[in-house]
Amino acid sequence: MINVALPKGRLGQKVYDMFEKAGYPCPSIKEDNRKLIFENEEVGVRYFWVKPSDVTIYVERGAADIGVAGKDILLEYEPEVYELLDLELGKCRMAVAAKSTFRDNTERTLKVATKFPNIARTYYERESRDIDIIKLNGSIEIAPILGLSDVIVDIVETGKTLKENNLEVVKTIVPISARLIANKAGFKFKTAEIEQIRDSLASQLKEKEEK
């Protein structure tokens, strides 16, 4: 059995559709129920739904052989997993945003509000910029408006929320999308099976490109 951790929500549904198309169906997953674990012994696959930010934990600790996690989670928590494939789903970007009137005064410490302190710290270290990180968990767009921070570092999809709060993207840090990841030990023992799944998913992406 290959154990697959799927992120709950729309992204997980899209990922499952790709797995189904790749020859790893599990019809019961589409039934209207509250079950979290689904398996198909015939094709040797077991799926389970987990919170998107927990996928890496299940994979890193071996409860799942493979899973799908956003690049933002991989960069923020740096789990000990293999990144096998960019699934090109859930595309967005990690960016620095601020009020349109913002001008960076490099002579003073920059106040940065973010849910992603590790990504923010790494980015500003490369920029050799002295920062004060303010870790928030909720809607961080209000931080610059209320003067709590100078800028925010966050995921930007369409930019609509920023616009509605009179903020704009100052810099793009890195593009983000869903990635297929694997447990390092599990990969050694199930290399052929995992590579077969990866290659089947990769061929779907190639087909899409060619259309």
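Our subject in this report is the structure included herewith. Within any chain, residue numbers begin from 1 and follow the written order of that chain's sequence. In keeping with the predicted nature of the model, local features appear solely for residues at pLDDT of at least 70, side-chain atom pairs appear and are counted solely at 80 or more, and the whole-chain, interface and lining totals rest on all residues. Excluded from the side-chain calculations are hydrogens and water; all other atoms, namely the structure's heavy atoms, are used.

## A look at unusual backbone geometry
Part 1 of the reasoning: The phi torsion at S128 lies on the positive side, around 55 degrees, for a residue other than glycine.
Part 2 of the reasoning: Type-normalised accessible area, obtained with a 1.4 Å probe on protein chains alone, sets the label of each residue: buried when under 20%, exposed when over 50%, and partly exposed for intermediate values. Among the residues examined, S128 registers a relative accessible area of 68% and is labelled exposed.
Part 3 of the reasoning: At N166, a position not held by glycine, the phi torsion is positive, near 55 degrees.
Part 4 of the reasoning: Numbering of helices and strands starts at the N terminus; helices are DSSP runs of H or I of at least 4 residues and strands are runs of E of at least 2. By secondary structure assignment, the location of N166 is in the loop between helix 6 (160–164) and strand 10 (167–176).

## A short note on the pairing of strand 1 (residues 2–7)
Part 1 of the reasoning: By the criterion of burial, strand 1 is predominantly enclosed, with six of the six residues buried.
Part 2 of the reasoning: Here strand 1 shows no split at all, with I2, V4 and L6 on one side and N3, A5 and P7 on the other all buried.
Part 3 of the reasoning: Where strand 1 lies against strand 3 (residues 45–50), six bridges are found, and the strand directions are parallel. Bridge assignment links P7 to a residue of strand 3, and that residue is V50. Strand pairing is assigned whenever DSSP detects at least two bridges linking the two strands.

## So, a positive patch on the surface
Part 1 of the reasoning: A surface patch of like charges, here positive, comprises R10, K14, K21, K91, K208 and K211.
Part 2 of the reasoning: Counting residues per element, the positive patch draws most heavily on helix 1 (residues 10–21), at three residues.
Part 3 of the reasoning: If you trace the backbone, K208 turns up in helix 8 (residues 191–210).
Part 4 of the reasoning: Accessibility expressed as a relative area gives 55% for K208, which makes it exposed. Within this analysis, patches are made of residues with over 30% relative accessible area and no salt bridge. Like charges are joined at 9 Å or less; nonpolar side chains (Val, Leu, Ile, Met, Phe, Trp, Tyr) at 5 Å or less. Where accessible areas are quoted, they stem from the Shrake-Rupley method and a 1.4 Å probe; at the residue level, only the protein chains shown are allowed to cover. Only one rule defines a salt bridge in this text: a Lys or Arg side-chain nitrogen within 4 Å of an Asp or Glu carboxyl oxygen. When charges are counted, neither His nor the chain ends are considered; positive counts come from Lys and Arg and negative counts from Asp and Glu. Every charge is mapped onto a representative atom, which is NZ of Lys, CZ of Arg, CG of Asp or CD of Glu.

## With respect to the sheet that holds strand 4 (residues 66–70)
Part 1 of the reasoning: Spatially, the six strands line up as an open sheet ordered 2-3-1-4-11-5, and their pairing is mixed. Of all strands in the sheet, those with a lone pairing partner are strand 2 (37–40) and strand 5 (81–86), marking the two edges. Across this sheet, the average inter-strand angle for adjacent strands is 25 degrees, counted without regard to direction.
Part 2 of the reasoning: Examined bridge by bridge, strand 1 and strand 4 share two bridges and lie parallel to one another. Across the sheet, the residue bridging to A5 is G67, located in strand 4.
Part 3 of the reasoning: Helix 1 rests against strand 1, strand 3, strand 4 and strand 11 (178–183) of the sheet, and its axis sits at about 145 degrees to strand 1.
Part 4 of the reasoning: In the packing of helix 8 onto the sheet, the strands contacted are strand 1, strand 4, strand 5 and strand 11, and the crossing angle to strand 5 comes to about 25 degrees. For every element, the axis is a line fit to its C-alpha atoms; helices are fit only across the contacting stretch, and the angle between N-to-C directions ranges from 0 to 180 degrees. Any two residues whose heavy atoms approach within 4.5 Å at even a single point are treated as in contact.

## Brief notes about the packing of aromatic side chains
Part 1 of the reasoning: For Phe, Tyr and Trp, rings pair up if their centres lie within 6.5 Å, where Trp contributes its six-membered ring, and each pair is then called stacked (planes under 30 degrees apart), edge-to-face (over 60) or tilted (otherwise). According to the stated counting rule, one finds five aromatic pairs in the structure shown.
Part 2 of the reasoning: Ring geometry for Y16 and Y47: centres 5.3 Å apart, planes at 85 degrees, overall edge-to-face. Pair noted here: Y16 is in helix 1 and Y47 is in strand 3, with a separation of 31 residues, a long-range link. An identical accessibility class is assigned to Y16 and Y47; each is buried.
Part 3 of the reasoning: Ring geometry for F48 against Y58: centres 5.8 Å apart, planes inclined by 55 degrees, an arrangement best described as tilted. Placement of F48 in strand 3 and of Y58 in helix 2 (residues 55–60) is noted, with a sequence separation of ten residues between them.
Part 4 of the reasoning: Put simply, the rings of Y16, F19 and Y47 pair up and form one aromatic cluster.

## Regarding the packing of helix 1 against helix 8
Part 1 of the reasoning: It is at 9 Å that the axes of helix 1 and helix 8 come closest, and there the two elements cross at 105 degrees. Between helix 1 and helix 8, the angle falls in the class roughly perpendicular. Between helix 1, through M18, F19 and K21, and helix 8, the contact on the second element is made entirely by I197, L201, Q204, L205 and E207.
Part 2 of the reasoning: Classifying every residue of the contact of helix 1 with helix 8 by side-chain character gives five nonpolar, one polar and two charged. An angle below 35 degrees is read as roughly parallel, one above 145 as roughly antiparallel, one from 65 to 115 as roughly perpendicular, and any other as oblique. Charged residues are taken to be Asp, Glu, Lys and Arg, nonpolar residues to be Ala, Val, Leu, Ile, Met, Phe, Trp, Tyr, Cys and Pro, and polar residues to be all remaining types, Gly included.

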